[in-house]
Amino acid sequence: MTNNPSFRYDINGLRALAVIAVLIFHYNHSLLQGGFTGVDVFFVISGYLMTSIILRGLNNNSFSLLQFYKARAERIIPALLIICLILACIGYVFFEPMTYKLVGKHTTSSLLFISDITFYNEAGYFDVDSQYKFLLHTWSLSVEWQFYIIYPISLIILHRFFSKPLLKVTILSTAIISFILSIYFISFNPTFAFYMLPTRMWELLIGSLAFLYPITLSKNKTIIIEVLGLIIIITSFIWIYDTAPWSGYLLFIPVFGAYLCIIANNQKTPLQNIIVQKIGLISYSLYLIHWPIIVFYKTLNIPLHFYIYLLLTFTLSLSLYFFIERKRNYKYKMICLYILLLACGYFISINGIGHRVQNPTYRVDYKNFFLQYYGGMNIPTNAKITHFNNDNHSPSFILTGDSHARQYGHYLVNQHINFIGLFDDGCIAMPDWYIDAMQSPHDKTICPGTYKKLQKLLQEYPTTNLVLIMRWDIYNNSSPIYHDANATHKQNTFFESLPHEIEQLVKIGGNQRQYFIVGQAFENYEEENIFQCYAKQQLYFFKKIIPLSCKNRVIQNSNSATKLLKKIAAQYQNVHFIDPTQVLCHNNQCSLVDKNYNPILSDIDHLSIYGAKIAGKYILDIINSVK
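The shown structure was predicted, so the numbers you read here are calculated from the model rather than taken from an experiment. (Residues numbered from 1 in each chain as written. Predicted model: local features only at pLDDT ≥ 70, side-chain atom pairs only at ≥ 80, totals over all residues. Heavy atoms only, no water.)

A. Region of the structure containing the sheet that holds strand β10 (residues 575–578). If you walk across this open sheet you meet the six strands as β1-β3-β2-β6-β8-β10, and the pairing is mixed. In this open sheet, the two strands that pair with only one neighbour each are β1 (386–388) and β10. Direction aside, neighbouring strands of the sheet carry axes that sit 20° apart on average. Direction of pairing for strand β8 (residues 515–518) relative to β10: parallel, over a ladder of four bridges. (Pairing = 2+ DSSP bridges. Helix = DSSP H or I, 4+ residues; strand = E, 2+ residues; numbered from the N terminus. Axes fitted to C-alpha atoms, helices over the stretch in contact; angles between N-to-C directions.)

B. Expanded view of the packing of aromatic side chains. Summed over the entire model, instances satisfying the criterion amount to 48 aromatic pairs. Look at Phe-63 and Phe-68: their rings are 5.8 Å apart centre to centre, the planes differ by 50°, and that puts the pair in the tilted class. A ring pair is formed by Phe-113 and Trp-145, whose centres lie 4.7 Å apart and whose planes are at 20°; its orientation type is stacked. Residue Phe-113 is found in the loop between α4 (97–111) and α5 (115–122), and its partner Trp-145 is found in helix α6 (residues 139–161); the two are separated by 32 residues along the sequence. Its relative accessible area of 13% is what places Trp-145 among the buried residues. Each member of the aromatic cluster is reached from another via a ring pair, and the members are Phe-94, Phe-95, Phe-134, Phe-296, Tyr-297, Phe-541 and Phe-542. The ring of Tyr-213 carries Lys-168 above its face, with NZ or CZ at 5.2 Å from the centroid. Lying across the ring of Phe-194, Arg-200 places its NZ or CZ 5.0 Å from the centre. (Phe/Tyr/Trp six-rings, centres within 6.5 Å; stacked < 30°, edge-to-face > 60°. Buried < 20%, exposed > 50% of the residue type's maximum accessible area, 1.4 Å probe, protein only. Lys NZ or Arg CZ within 6 Å of the ring centre and 35° of its normal.)

C. The sheet that holds strand β4 (residues 427–429), seen in detail. Sheet architecture is open: three strands sit in the order β4-β5-β7, paired in antiparallel fashion. The two strands at the open ends of the sheet, each matched to only one other strand, are β4 and β7 (481–482). Bridging between β4 and strand β5 (residues 433–436) involves three bridges; their strand directions are antiparallel. Its bridge partner being in β5, Ala-429 is matched across the sheet by Tyr-434.

D. Seen up close, the state of the cysteines. This model, assessed by the stated rule, comprises three disulfides. Covalent S-S linkage joins Cys-427 and Cys-447, the inter-sulfur distance amounting to 2.1 Å. An S-S torsion of about 85° defines the bridge between Cys-427 and Cys-447 as right-handed. Placement of the pair is Cys-427 in strand β4 and Cys-447 in helix α20 (residues 443–460), with a sequence separation of 20 residues. (Disulfide = S-S within 2.5 Å.)

E. Molecular detail of the packing of helix α3 (residues 65–94) against helix α16 (residues 332–351). Contact geometry for α3 and α16: axes closest at 10 Å, N-to-C directions at 40°. With respect to α16, the axis of α3 lies oblique. In this structure, the crossing between α3 and α16 has a hand that is left-handed. Contacts from Ile-77, Pro-78, Leu-81, Cys-84, Leu-85 and Ala-88 in α3 reach Met-334, Leu-337, Tyr-338, Leu-341 and Ile-348 in α16. (Parallel < 35°, antiparallel > 145°, perpendicular 65-115°, else oblique. Left-handed = near helix turned anticlockwise from the far one by under 90°. Contact = heavy atoms within 4.5 Å.)

This is the structure we're talking about:
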């Protein structure tokens, strides 16, 4: 507890609730599916506190912009520097160049407080799994820091040239505009809505409004308002889930709950419990430390039990708080360390200090690994109709689908197969509807039109076989978007509607052709790429101290899509289901490498050129056997 009479125990308690929610959510989403909204509570708190500091200083003619920036830097940077320093040191010993290069890149962007922009630019269908980005959680710090740069300057201008009522209206209007922008981008570009300041600013400004429009309440009403706010926040932690396409709209709920708690200003808050207050004091350290712990264990493929996770997180956070965060008088030492770590981060980001592994093959980074190994590299996507190995004869088949169809392109071209390709990554388009799994602004116009192009090909080539390949399971997480909004046969889920769509496709395509539906070649492989494991084996620690073994096979997961597709195909004489796992998996185990120890996968689920060669031959043999 603090002796400062102006200390807000309620706000400190909100910090504790928010950080605990984030900790639980990041460990396992299913334990607290809305725990990610704890970050939104932090934004509201930050907006309130910054507004109070700036406007009180301006009203007293004591505000210094330079001192404000200095105070924010002393609050945020030292602990962040230590986390980045520890990652750089640990990474040199434990991380292969592929992972270490990413650590360097993200260290630099985090220290420059542009990591939200970095992660936004990295986001994409073939992006590195977020669970392997050690500093992913710093995106929120970058958003806050960008706000700290812009906001005080804006308030200084508004305070000098605007009346107090007009200043308030301007802040309110800006919050409304930012909220409208966030709603717009949620449907248009949800990744932008998630990461960027313009679509997050409204949450910080809601906190500002709590200061600008204070409410005087009786003691009983104060208690009621705060309890209501806490109920709203806790309900949000339990109820909202991050995969819902409308979850962005619902962020207003925890934000409003935090707003109610702050305006209540309850001096006898139920959050004044000493344990809650201690957690609130170390909430920043907890936030910084928890995510790297999770990623470190995932990177080393070590199970992390919940109680061990909590013990490690709280122990390390207490150390960080007492030895680093609580002290605010580093000055030139911290400036020197900041510059040094920026330089180190840039140096590491060049090639992940690749000389640590002897074999140059394992010095490749994520991007170049995928460019080198993905089976569909250099095969056109974005629903472009492409004729491959056109020899003036009728094509052997039309191959259409998402990136899981495109992954066979390299193999088929090398086999001199005459075929037509129509691919759009992350998109499935059927006669009545489409699903855009990527939800990118670029695909907003391309994905809906993919089926029309397929329909044109079916009309132009009435006897040419059709091969349909998708990553079927991913689309069941989304609801189909119907071409005709007034369609009467709508189904709620992808799996429910798929039988009808295959029936429609066969009717439109006619019975003079054969239809081949190809299942997923591989389920999501949650562990690190086998290539990374082989690279890690060459590091001194895993070569000389603790030998590292790499699993060449994984247990085959059951696939509900496979069962459904088999059932659908069995209803037609000219529809055939092909299951690539029949050749990639044996005795309920799937190979991660071929007989020459080349990787089967190029990421967690796409086939490499080697995997596509094995599965592609199996698929071709079946197609050629059907007359």
